[in-house]
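# Residue-level structural notes
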Amino acid sequence: MKRILLLIVVIALTIGCFPACGLAGTAESPIILGGTGDDAFYGMLPLANGNLILSLSSRGGRDDMPEYDGNVYKVWLLCLAPDGSILWETNFGKEDEGGYTILQYLSLNDDDTFSGLAWYSINQTSQYRQRLTFSLADGSIVSSEDPIADTIAADHILRIYYPVNGSFIIEEICDCEVSCNPRTLCMTDAQGETLWLLDANQIVISHIVNWIPTDKG
């Protein structure tokens, strides 16, 4: 959404699923987040105390600051109180020309931290993914796993990785800047072996938003 992001739509849709978030009044009092540039929503983590952690990708431009140079998008990570006020916020990401960093699949840990999967691309070409762990108190990064490089990033295929119990569902998008076709979905096991491969166009799936884990994975 160009120029500003209205997260009220996302938050309002989650009220029914997470009543403990305490955001029932947002339909009457919209919470508006965003900068002067493009912002996109990638994940959320509701907490037992009613707070809500949100992960966005942003070109900056908030609080009268300039946008990031070189078409760079960084992660904008923030925590909202039940009344919508921002308790803390932080930004991180690569600054290479055309670099795009996002953080998805937030999950709560047992030690006052939470984790998520970050992935980084340059000009629509994925470079690597990395699991990061953050402090619940201020969103600072407390630990990080070794990056997993996309070893065939040079073929200009955009790959989006969805972790599933140690395995991955991988969405591949070719020629993304022109037609975003062809598109495939595949699932790999923990060793990287392909379990199945589908043509996303033939099964009429335009994009993965989420998935439901089953007892057998």
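Everything quoted here is computed from the prediction, not taken from an experiment. (Residues numbered from 1 in each chain as written. Predicted model: local features only at pLDDT ≥ 70, side-chain atom pairs only at ≥ 80, totals over all residues. Heavy atoms only, no water.)

### Focus on the overall build of the chain
Across its full length, the chain holds one helix and 13 strands. Walking the chain from its N terminus toward its C terminus, one meets helices and strands in the order α-β-β-β-β-β-β-β-β-β-β-β-β-β. Expressed as a percentage of its 217 residues, the buried residues of the chain come to 43%. Once local pairs closer than 6 in sequence are excluded, the contacts in the chain between residues at least 24 apart make up 41%. (Helix = DSSP H or I, 4+ residues; strand = E, 2+ residues; numbered from the N terminus. Buried < 20%, exposed > 50% of the residue type's maximum accessible area, 1.4 Å probe, protein only. Contact = heavy atoms within 4.5 Å.)

### Quick notes on the packing of aromatic side chains
The full count for this structure, using the stated rule, is five aromatic pairs. Between Trp88 and Phe114 the ring centres are 6.5 Å apart and the planes differ by 20 degrees, which places this aromatic pair in the stacked class. With Trp88 in strand E4 (residues 86-92) and Phe114 in strand E6 (residues 113-122), this pair connects stretches of sequence that are 26 residues apart. Note on Phe114: relative accessible area 0%, which makes it buried. Taken together through their ring pairs, the aromatic side chains of Trp88, Phe92, Phe114 and Phe134 make up a single cluster. Across the ring face of Tyr68, the terminal group of Lys74 is positioned such that the distance to the ring centre comes to 4.7 Å. (Phe/Tyr/Trp six-rings, centres within 6.5 Å; stacked < 30°, edge-to-face > 60°. Lys NZ or Arg CZ within 6 Å of the ring centre and 35° of its normal.)

### Describing unusual backbone geometry
Phi angles above zero are rare outside glycine, and Asn71 is one such case at about 55 degrees. Mapped onto the fold, Asn71 is located in the loop between strand E2 (52-58) and strand E3 (74-80). Backbone geometry places Asp112, a non-glycine residue, at a positive phi of 60 degrees. Among the secondary structure elements, Asp112 is positioned in the loop between strand E5 (99-108) and E6.

### Here we look at the sheet that holds E4
Here we have four strands laid out as an open sheet, ordered E1-E2-E3-E4, and antiparallel in their pairing. Two strands close off the open sheet at either side, each with one partner strand: strand E1 (39-46) and E4. When strand polarity is set aside, the average angle formed by the axes of neighbouring strands in this sheet is 20 degrees. Where E3 lies against E4, six bridges are found, and the strand directions are antiparallel. (Pairing = 2+ DSSP bridges. Axes fitted to C-alpha atoms, helices over the stretch in contact; angles between N-to-C directions.)

### Some thoughts on the pattern of salt bridges
Inspection of the entire model under this criterion finds two salt bridges. We note a salt bridge from Glu95 to Lys74, for which the minimum N-O separation is 2.7 Å. With Glu95 in the loop between E4 and E5 and Lys74 in strand E3, the pair connects residues that are 21 residues apart, well separated along the chain. Residue Lys74 is classed as buried on the basis of its relative accessible area of 13%. (Salt bridge = Lys/Arg side-chain N within 4 Å of Asp/Glu carboxyl O.)

### Structural notes on the pairing of strand E7 (residues 125-135)
Within E7, eight of the eleven residues are buried, which leaves the element mostly enclosed by the surrounding structure. With ten bridges joining them, E6 and E7 adopt antiparallel strand pairing. Looking across to E7, one finds that Tyr120 is bridged to Tyr128. Hairpin connection from E6 to E7: two residues lie between these consecutive antiparallel strands, with Asn123 at a positive phi of about 50 degrees. Summarising the sheet, E7 and strand E9 (residues 148-149) pair through two bridges and their orientation is antiparallel. Bridge pairing in E9 places Arg129 opposite Ile148.

### Notes on the environment of Ser85
Within the fold, Ser85 resides in the loop between E3 and E4. Along the backbone, Ser85 and Asn51 are 34 residues apart, and their C-alpha atoms lie at a distance of 9.8 Å. Leave out the neighbours within four places in its chain, and Ser85 touches Cys79 and Leu80. Within the structure, the side chain of Ser85 is placed 2.7 Å from the side chain of Asp83, a separation counted as a polar contact. (Polar contact = N/O pair within 3.5 Å; in protein donor to acceptor, adjacent residues only side chain to side chain.)

Function cannot be inferred from these measures alone, as they are strictly geometric.
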